[in-house]
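Report on the structure
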Amino acid sequence: MRQNFTNYAFTESVKKAQEKYGSRELYSKMDNNGPDQYQLFHRETAHIEQMDGFYLSTVGENGWPYVQFRGGPKGFVKVIDAETIGFVDFRGNRQYISTGNISANNKTAMIFLDYPSRTRLKVWAESEILDPEDHPDLRDQLMLPDYKANIERLMIFHVKAFDWNCPQHITPKFSISEIQTLINSNHEFRQQILGE
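Residues numbered from 1 in each chain as written. Predicted model: local features only at pLDDT ≥ 70, side-chain atom pairs only at ≥ 80, totals over all residues. Heavy atoms only, no water.

1. Considerations on the nonpolar core
Ranked by size, the top nonpolar core spans 29 residues in total, and within it Ile85, Phe112 and Val123 carry the most contacts. For this core, the secondary-structure elements that each account for two or more residues are strand E1 (53–59), strand E4 (84–90), strand E5 (107–114), strand E6 (119–130), helix H6 (136–142) and strand E7 (151–165). The biggest single contributor to this core is E7, with seven residues. Those residues in contact with Val123 that sit more than four places away from it in its chain are Ile85, Thr108, Ala109, Met110, Phe112, Val159, Ala161 and Phe162. (Core = buried A, V, L, I, M, F, W, Y, C linked by side-chain atoms within 4.5 Å. Buried < 20%, exposed > 50% of the residue type's maximum accessible area, 1.4 Å probe, protein only. Helix = DSSP H or I, 4+ residues; strand = E, 2+ residues; numbered from the N terminus. Contact = heavy atoms within 4.5 Å.)

Okay, here's the thing in structure tokens:
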């Protein structure tokens, strides 16, 4: 089976919707001719590893989807290899909805959205939850030594497909640290060029 995101996203009901709204002809060309996209290369790795958060979608055994924002310091999500993404999962509000959903259904979707550059990467993956004590080498690879939090588990995602999305309708947003960097850069520029 080809590992293109269309195999996961373009179900029969999606194809019917595309037909109804006039985009099926365009997307039908991707069904059989689109490249396999399941191995992460430099562009995907750089995008994922510079993020300080992403959106994770899981589905419970009752059929209801759940979307959660997962955040941490930049680089907390790591590309383990070309087909695997992972991070150490820290204790949070202790609802364990995503954790429980993954134990019942390991199919997940992830959206890595960079607001300043208006780029978003969608990833379809099969996930697993590992005990950090049982996988010390992997835990050490995913660790964030300067981040003080209780590690509860390792979250591992085996990439099945990905797709880059268009920037349309993404409003640029900046974190406080990004704004501070821009201010500092502007100040340094003004000092160097204008002698201020």
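From this point, things continue past the structure.
2. Thoughts on the side chain of Asp163
As for its position among the elements, Asp163 is in strand E7. On the basis of relative accessible area, Asp163 is assigned to the buried category, the value being 13%. Among residues more than four places away in sequence, those in contact with Asp163 are Phe5, Gln37, Arg120, Leu121, Lys122 and Trp124.

3. Remarks on the packing of aromatic side chains
Summed over the entire model, instances satisfying the criterion amount to ten aromatic pairs. Their ring planes at 25° and their centres at 6.3 Å tell us that Phe54 and Phe76 sit as a pair that is stacked. On the criterion of sequence distance, the pair formed by Phe54 in strand E1 and Phe76 in the loop between strand E2 (65–71) and strand E3 (78–81) is long-range, its members being 22 residues apart. Of the two residues, Phe54 and Phe76, both sit in the buried class. Looking at Arg43, its charged tip hangs above the ring of Trp164, at a distance of 3.7 Å from the centre. (Phe/Tyr/Trp six-rings, centres within 6.5 Å; stacked < 30°, edge-to-face > 60°. Lys NZ or Arg CZ within 6 Å of the ring centre and 35° of its normal.)

4. Focus: the sheet that holds E1
The strand order E2-E1-E5-E6-E7-E4-E3 describes an open sheet built from seven strands, whose pairing is antiparallel. For this open sheet the edge positions go to E2 and E3, each flanked by a neighbour on one side alone. Averaged over all adjacent pairs, the angle separating strand axes in this sheet is 35°, with direction ignored. Here E1 pairs with E2 via seven bridges, running antiparallel. Note that in E2 the partner of Val59 across the bridge is Pro65. Helix H4 (residues 42–49) rests against E3, E4, E5, E6 and E7 of the sheet, and its axis sits at about 75° to E6. (Pairing = 2+ DSSP bridges. Axes fitted to C-alpha atoms, helices over the stretch in contact; angles between N-to-C directions.)

5. Digging into the pairing of E3
When E3 meets E4, the two strands line up antiparallel, connected through three bridges. Bridge assignment links Asp81 to a residue of E4, and that residue is Thr84. The loop that links E3 with its antiparallel partner E4 comprises two residues.

6. Some points on the pairing of E4
Consecutive side chains of a regular strand alternate in pointing toward one face of the sheet and then the other. Taken across its seven residues, E4 has seven buried, putting it largely inside the fold. Pairing of E4 with E7, which is carried by seven bridges, proceeds in the antiparallel orientation. Bridge assignment links Val88 to a residue of E7, and that residue is Leu154.

7. A word on the pattern of salt bridges
Taken as a whole and assessed by the stated rule, the structure comprises nine salt bridges. Put simply, Lys74 and Glu178 hold a salt bridge, and the shortest N to O gap is 3.6 Å. In this pair, Lys74 is assigned in the loop between E2 and E3 and Glu178 in helix H7 (residues 176–194), connecting sequence segments 104 residues apart. For Lys74, a relative accessible area of 47% translates into the label partly exposed. Salt bridges here are not isolated pairs; linked through shared partners, they connect Arg70, Asp89, Glu152 and Arg153. (Salt bridge = Lys/Arg side-chain N within 4 Å of Asp/Glu carboxyl O.)

8. Here we look at unusual backbone geometry
In this structure, Arg94 is a non-glycine residue whose phi angle is positive, near 70°. Residue Arg118 is not a glycine yet carries a positive backbone phi of 60°. With respect to the secondary-structure elements, Arg118 resides in the loop between E5 and E6.

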